Amino acid sequence: MTIETVSTNRAFGGVQGVYRHHSTATGTNMTFSVYVPPHDEGAKLPVVWYLSGLTCTHANVTEKGEYRRACAEHGLIFVAPDTSPRGDGVPDDPEGAYDFGLGAGFYVNALAEPWAEHYRMRGYIESELPQLLADNFPADMSAQGIMGHSMGGHGALTISLRNPGRYKATSAFAPIVSPINCPWGQKALGGYLGVDRSLWAEYDACALIESGARLPDLLVDQGAADNFLDEQLKTHLLEEVCTRAAQKATIRMQPGYDHSYYFISTFMAEHLRWQAERLRG
């Protein structure tokens, strides 16, 4: 698969790149960023996937996430995909809402029209982009971790839960833990998948854990001053289901922190250290 290099920059001895390719999953051009830390020639490096939240592209974490120093220290490749397909012919919310359509792909494979043709972010993240990474970068695909923020936290949790054994580490910042039970999720899953709620459960972390899916471990940080906490994120639902299911998890409320990248960047290095410990065994 051919990729186009959009830009490269030296950072902490490694290379921060931005790349573009035509996706067979979404039928559109897709842009993503990859940071490759300094490494010996021929070495294969563990991979951490970072899934971004509503309204974001690859650029938000690339520019504001403050991850490169920690990735260089721990020898981690850091991959940041876009959050939805984009381009001519890709449908968007007809009312221009931020929580559906462009920038709000919710990491699903859409079933309902007109979304089904292009909104295939589940297939893109689970299958197509990993193969592209393996073919073009020094990635050890036997040592993958995944993390994300908000909608991307939902994506990281559900993708990891649906693919047991693929990801050795899973963590999240302020994830949407149960889309079935919040307005953002109900709008997205109803719009992309249709009204049959039995189809929604595979995109809900709490429902997946309730039905028997498990992770080796889980780390979640949530800002206690996050204005989306009570209505949309509902962290307590994840705490409750992990307790009932005996799912190993560290879920931390961080006093005074909100939903922004000031919060994410504060705890990013700690999450990457936690990921590296598990990826390197």
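Since the model is a prediction, treat every value here as computed from it, not as a measurement. (Residues numbered from 1 in each chain as written. Predicted model: local features only at pLDDT ≥ 70, side-chain atom pairs only at ≥ 80, totals over all residues. Heavy atoms only, no water.)

**Student:** Looking at this structure, I do not really get the pairing of strand β8 (residues 219–223). What am I missing?
**Tutor:** Here is the key point about a regular strand: its side chains alternate between the two faces of the sheet. Burial of β8 is extensive: five of the five residues sit out of reach of the surface. Residues Leu219, Asp221 and Gly223 of β8 are buried on one face, and the alternating residues Val220 and Gln222, pointing to the opposite face, are buried as well. With three bridges connecting them, strand β7 (residues 167–173) and β8 associate as parallel partners. Directly across from alanine 172, in β8, lies its bridge partner valine 220. Bridge count between β8 and strand β9 (residues 250–254): five bridges; the pairing is parallel. Residue pairing for β9: glutamine 222 is matched across the bridge by methionine 253. (Buried < 20%, exposed > 50% of the residue type's maximum accessible area, 1.4 Å probe, protein only. Helix = DSSP H or I, 4+ residues; strand = E, 2+ residues; numbered from the N terminus. Pairing = 2+ DSSP bridges.)

**Student:** Would you mind showing me how to read the packing of aromatic side chains here?
**Tutor:** Within a pair of aromatic rings, the relevant descriptors are the distance that separates the centres and the angle that separates the planes. Evaluated as defined, the whole model comprises 14 aromatic pairs. With 5.7 Å between their ring centres and 35 degrees between their planes, tyrosine 19 and phenylalanine 32 make a pair best called tilted. Linking tyrosine 19 in strand β2 (residues 14–22) with phenylalanine 32 in strand β3 (residues 29–36), this pair joins segments that are 13 residues apart in sequence. Each of the two residues, tyrosine 19 as well as phenylalanine 32, counts as buried. Look at tyrosine 257 and phenylalanine 263: their rings are 6.1 Å apart centre to centre, the planes differ by 50 degrees, and that puts the pair in the tilted class. (Phe/Tyr/Trp six-rings, centres within 6.5 Å; stacked < 30°, edge-to-face > 60°.)

**Student:** I keep staring at the pattern of salt bridges and nothing clicks. Help me out?
**Tutor:** Where charged atoms of side chains with opposite charge meet at close range, the side chains can pair. For the structure on display, the rule yields 13 salt bridges. Across the pair lysine 187 and aspartate 93 runs a salt bridge, and its minimum N-O distance is 3.8 Å. Here lysine 187 is found in helix α5 (residues 183–193), whereas its partner aspartate 93 is found in the loop between β5 (77–80) and α3 (121–136), with 94 residues between them in sequence. Residue classification places lysine 187 among the partly exposed positions, given a relative accessible area of 33%. According to the relative accessible area criterion, aspartate 93 is buried, its value standing at 10%. For glutamate 126, the salt bridge identified is with arginine 122, shortest N-O distance 3.3 Å. One end of the pair, glutamate 126, and the other, arginine 122, are both in helix α3, four residues apart, so they sit about a helical turn from each other. (Salt bridge = Lys/Arg side-chain N within 4 Å of Asp/Glu carboxyl O.)

**Student:** Where do I start with the nonpolar core in this structure?
**Tutor:** The nonpolar side chains of a soluble globular protein tend to be buried, and buried together. If you look at the biggest cluster of nonpolar residues, it comprises 72 residues, and the most contacted ones within it are Val34, Tyr50, Phe78, Phe106, Tyr192, Met268 and Leu272. The greatest single-element share of this core, amounting to nine residues, is contributed by helix α9 (residues 261–279). Excluding anything up to four places from it in sequence, phenylalanine 106 contacts Leu54, Thr83, Asp99, Met151, His154, Ile176, Trp184, Gly185, Ala188 and Tyr192. If you look at the next biggest cluster of nonpolar residues, it comprises 17 residues, including Ala172, Leu215, Leu218 and Val220. (Core = buried A, V, L, I, M, F, W, Y, C linked by side-chain atoms within 4.5 Å. Contact = heavy atoms within 4.5 Å.)

**Student:** Could you clarify how one ought to interpret the environment of tyrosine 192 in this entry?
**Tutor:** Checked against the element boundaries, tyrosine 192 lands in helix α5. Along the primary structure tyrosine 192 and alanine 11 are separated by 181 residues, whereas in three dimensions their C-alpha atoms are 39 Å apart. Of note is the side chain of tyrosine 192, whose polar atom sits 2.8 Å from the backbone oxygen of alanine 104. (Polar contact = N/O pair within 3.5 Å; in protein donor to acceptor, adjacent residues only side chain to side chain.)

On their own, these measurements won't tell you what the molecule is for.
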